[in-house]
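An overview of the molecular structure
Letter by letter, the chains look like this.
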Amino acid sequence: MDEKQIRQSTQEQAVAAWINQLNQIRLNDLMEKLTAQDCNLENAWAELQELKYFISVPEHILGSVQTKHGEIAEHVQVNFSNARSLIKGLKAELTFDNVPRTAPKDYLSGGNPVQSKFLNGAEKTFDAIQKHLLDYPDFLKSGGYNGGNGYYDIPRDQYDQITECLKKPASQLSRSEWRLAEKVRAWESENGVHFEEKVRPSVADYSQVQQGKIQDTIHEEEQNILREDRAERDAAFAQSKPTVAEGARAAGISAAVEGGTHFVLGVHRKLKEGKK
């Protein structure tokens, strides 16, 4: 085998070994990510199953037929929010643990107390917030009620309606919108807070948590979770593919091996000729 053949063979073997190593690393990484994603999907699905179980026994839901949606909304917020975090491999932040069922807080989010208000109409919902804060004046204060920094969750569509009223010039508001905006501004001033900081949108609209609608709402969320699961898996596959940088490194190794082999063979040839 002449020098050219030796250089070519050595070069090909080195590059092949490098590529095989990279492929194995990528494959191992992909399998780890897919296995982790299997767990993520299982955990997210368990949150939705928990919600299904809760609504399957209506007589155990607090309130009358007209008001049971209030407690349903609490469970939708906790289970949907947690499922959306878990499917991405993130920590579940919301919990009912150690929260009495009729306490001034409905659940905890990152350790902070949250009160959910779901009434028929944005103004009625906001009136309920005002009343709750009168009963528990430390609820919104950092380190106040329960040692946390409380806030309120309200229907997503009502939140959008209120914030839209607050953004509009007074001349563009209807009488009912103007009255609502004035209530909110006065409440902000009295309590030294901003609405957007202490009132947050739920994951659901008011209509989506009603007893006649909740099954459809859960089904829609299941499809959302499955789409997110597919997106996470697609991202893992994309990340496992060879990159331009790896191709450049392989080319660099090829050139280095070729140059190194050429040098070694050149030294060997000179030695055979009797040169130092």
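Residues numbered from 1 in each chain as written. Predicted model: local features only at pLDDT ≥ 70, side-chain atom pairs only at ≥ 80, totals over all residues. Heavy atoms only, no water.

**Quick look at the overall build of the chain**
Per the secondary structure count, the chain includes eight helices and five strands. Tracing the chain from N to C terminus, the helices and strands come up as α-α-β-β-β-α-β-α-α-α-β-α-α. Residue pairs in contact within the chain that sit at least 24 positions apart in sequence constitute 68% of those at least 6 positions apart. (Helix = DSSP H or I, 4+ residues; strand = E, 2+ residues; numbered from the N terminus. Contact = heavy atoms within 4.5 Å.)

**Side note on the nonpolar core**
Judged by nonpolar contacts, the single largest core of 21 residues is most densely connected at Ile55, Ile72, Val76, Phe80 and Val209. Elements that contribute at least two residues to this core include exactly helix H1 (3-55), helix H2 (69-86) and helix H7 (214-240). Sort the elements by how many residues they give to this core and H2 lands first, with six residues. Filtering out sequence-adjacent residues up to four positions away, Ile55 remains in contact with Ile61, Ile72, Ile214, Gln215 and Ile218. Core analysis: the second largest hydrophobic core is formed by 20 residues, Cys165, Leu166, Phe195 and Val199 among them. (Core = buried A, V, L, I, M, F, W, Y, C linked by side-chain atoms within 4.5 Å. Buried < 20%, exposed > 50% of the residue type's maximum accessible area, 1.4 Å probe, protein only.)

**Some words on the layout of surface pockets**
Reported here for the largest pocket is a volume of approximately 380 Å³. It is H2 that contributes the most residues to the lining of the largest pocket, four residues altogether. Classifying every residue of the lining of the largest pocket gives five nonpolar, seven polar and five charged. (1 Å grid on protein atoms, 1.4 Å probe; cavity = no way out; pocket = protein on both sides within 12 Å on 5 of 7 lines; lining within 4 Å. Points joined across faces, edges and corners; volume = space filled by probe spheres on them. Nonpolar A, V, L, I, M, F, W, Y, C, P; charged D, E, K, R; others polar.)

**Details of the sheet that holds strand E2 (residues 107-109)**
Strand order in the open sheet made by the five strands is E1-E2-E3-E4-E5, with mixed pairing throughout. Two strands lie at the open edges of the sheet, namely strand E1 (94-95) and strand E5 (199-201), each paired on one side alone. (Pairing = 2+ DSSP bridges.)

**A closer look at the pairing of strand E3 (residues 112-116)**
Burial within E3 is extensive, with four of its five residues counted as buried. Sheet topology places E2 next to E3; three bridges connect them, and they run antiparallel. Of the residues in E3, the one forming a bridge with Tyr107 is Val114. If you look at the hairpin formed by E2 and E3, you'll find two residues sitting between the two strands, and Gly110 has a positive phi there, around 60°. Where E3 lies against strand E4 (residues 151-154), three bridges are found, and the strand directions are parallel. Bridged to Val114 within E4 is Tyr151.

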